[in-house]
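# Topology and contacts: notes
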Amino acid sequence: MILCAGEALIDMLPRETADGPGFYPATGGAVFNTAIALGRLGAPVAFHCGLSSDLFGARLADALAASGVENRAAISDRPTTLAFVTLTDGHAEYAFYDEGTAGRMLAPADAPDMNGVEALFLGGISLAVEPCAKAYEALALAHRELPIMIDPNIRPGFARDEAAFRARLDQLLAVADIVKLSDEDMRWLGMDATEVLARGPKVLCLTEGERGVRAITTEGEIAVPARRVEVVDTVGAGDTFNAGFMAGLHDAGALVTGTPPEAALRAALELGVAAATVTVSRAGANPPRRDELGA
């Protein structure tokens, strides 16, 4: 089983109503989206975060169940995080309302049941804000024997203590087997691929928008181009790629602490790109099910 640990929130998506512009509350959060996508692709998956008992938390829990994701969240009566989304040419920008929320206030003592967990996925804004970031860092360090994938999905304006965030990423890179970074992430880190791999990961998945994605290892690289599609919006695209990539490795029995075989890496990249292509073709974070991909 793959355990996804990170934020679950409500994306307030812009919608036109009879009274003018408004917002529609949709389930979201980078790591939540990855868990949902893994479940829809048929991978065994569980999800851990700080989850509210409020009406939005109930909606998030229902969405996990509907996609076959086991819920291992720490429940509290604190409110759910809200993220108001604005779209510019299909690209999403976010305004977060996160102070004192169930997700934000997760603590190391809230660690999940790890029974049956064979791999761990971490990422998103959960790694940038306190105190929950400490809980996720502690989880990774405590289970470094597992295959670990991280996607920091770096939002520079969200990390109020940049030095602490960079130090946390250094700690996580040291225990991660796979790291997914965008070209924007790489520029913020100030590293090239060789420097990233030198920190510890065996595989760097580098996403480059319309150019596609590369899996880079110390032995070489594999490139898979993006697919042509009419983009509705990019909400959840990277999260869906992460799920497809991990599901592909899981299918091949190659979700391991070493470097996966080249054939398994290529197949995982292709599944990730195929799944993400479907997601960007429809509104919001709505990952495909396996039968939608013909795979």
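To be clear, the structure that these remarks concern was listed above.
Residues numbered from 1 in each chain as written. Predicted model: local features only at pLDDT ≥ 70, side-chain atom pairs only at ≥ 80, totals over all residues. Heavy atoms only, no water.

### Topic: the overall build of the protein chain
Operational definition: For helices the rule is a DSSP run of H or I covering at least 4 residues; for strands it is a run of E covering at least 2, with both sets numbered from the N terminus onward. It is over C-alpha atoms that the radius of gyration is taken, and the globule rule equals 2.2 Å times the number of residues to the power 0.38. Exposure is judged per residue with a 1.4 Å probe applied to protein chains only, and the accessible area is read against the type maximum: over 50% gives exposed, under 20% gives buried, and values in between give partly exposed. Calculation of accessible area relied on Shrake-Rupley with a 1.4 Å probe; when residues are assessed, cover is drawn exclusively from the protein chains displayed.
Helices and strands together make up the secondary structure of the protein chain, namely nine helices and 15 strands. Taking 295 residues into account, the globule formula puts the C-alpha radius of gyration at 19 Å, and the protein chain, at 18 Å, falls close to it. Taken along its principal axes, the extent of the C-alpha atoms in the protein chain is 55 × 45 × 35 Å. When each of the 295 residues of the protein chain is scored for burial, the buried share is 55%. Total accessible area computed for the protein chain in this model is approximately 12,500 Å², and 51% of it derives from carbon and sulfur atoms.

### Looking at the sheet that holds strand β10 (residues 119–123)
Let me state the cut-off plainly: Strand pairing requires that DSSP identify at least two bridges connecting the strands. By definition in these notes, contact holds between two residues if any of their heavy atoms fall within 4.5 Å. Think of each axis as a best-fit line through the C-alpha atoms, taken over the contacting stretch in the case of a helix, with angles from 0 to 180 degrees between the N-to-C directions.
Here nine strands make up an open sheet; going across it, the order is β6-β4-β1-β10-β11-β12-β13-β14-β15 and the pairing mixed. Every interior strand has two partners, whereas the edge strands, β6 (70–71) and β15 (220–224), have only one. Pairing analysis gives four bridges linking β10 to strand β11 (residues 148–151), with the strands arranged parallel. Looking across to β11, one finds that F121 is bridged to M149. Helix α8 (residues 262–280) contacts β13 (203–207), β14 (213–217) and β15 of the sheet and is inclined by roughly 30° relative to β15.

### Some remarks on helix α1 (residues 30–40)
Along α1, ten of the eleven residues are buried, which leaves the element largely enclosed by surrounding structure. Those residues of α1 lying buried are A30, V31, F32, N33, T34, A35, I36, A37, L38 and G39. The elements touched by buried residues of α1 are β1 (2–5), β3 (20–28), β4 (45–48), α2 (55–66), β10 and α7 (237–251). Of the residues flanking the end of α1, it is G42, one or two places downstream, whose phi is positive at about 90°.

### Things to note about unusual backbone geometry
Leaving glycine aside, a negative phi is the common case for residues, and trans is the common case for peptide bonds. Cis rather than trans, the peptide bond between E130 and P131 has omega equal to 0°. Within the element layout of this structure, P131 appears in the loop between β10 and α3 (132–142). Despite not being glycine, N153 shows a phi value in the positive range, around 45°. Note on placement: N153 falls in the loop between β11 and α4 (162–175).

### Digging into the pairing of strand β2 (residues 9–17)
Alignment of β2 against β3, held across nine bridges, turns out to be antiparallel. Its bridge partner lying in β3, E16 is registered against P21. Between β2 and β3, which pair antiparallel and follow one another directly, the connecting turn spans two residues. One ladder, built from three bridges, connects β2 with strand β8 (residues 82–88); its direction is parallel. Looking at β8, one finds that M12 is bridged to F84.

### Details of the side chain of S76
Our working definition: Here a polar contact is taken to be a pair of N or O atoms separated by no more than 3.5 Å, where protein atoms must pair a possible hydrogen donor with a possible acceptor and residues adjacent in sequence count only if both atoms sit in side chains.
Position of S76 relative to the elements: it lies in strand β7 (residues 74–76). Within the local environment of S76, its side chain forms a polar contact with the backbone nitrogen of R78, the two atoms lying 3.3 Å apart. Those residues in contact with S76 that lie beyond four places of it in its chain are L51, S52, S53 and A102.

### Re the side chain of T277
Inspection of the secondary structure assignment puts T277 in helix α8. Overall, T277 belongs to the buried group, its relative accessible area being 16%. When neighbours within four sequence positions are excluded, T277 is seen to be in contact with R227 and V229.

### Some thoughts on the pattern of salt bridges
Counted only if it meets this: Salt bridge, as used here: a side-chain nitrogen of Lys or Arg that lies within 4 Å of a carboxyl oxygen of Asp or Glu.
In the structure shown here, the tally under the stated rule is 15 salt bridges. A salt bridge links E70 to R72; the nearest nitrogen and oxygen atoms lie 2.7 Å apart. You can call E70 partly exposed: its relative accessible area is 32%. The network of salt bridges with common partners includes D98, E99, R104 and R160.

### Thoughts on the nonpolar core
Under the convention used in this document: Nonpolar core, defined: a set of buried Ala, Val, Leu, Ile, Met, Phe, Trp, Tyr and Cys residues in which side-chain atoms within 4.5 Å join the residues together.
In this structure, F47, L204 and F245 are the most contacted members of the largest nonpolar core, which totals 92 residues. Counting residues per element, this core draws most heavily on α8, at seven residues. Residue contacts for F245: discarding those within four places in its chain leaves M149, I178, V203, C205, L265, A268, L269 and G272.

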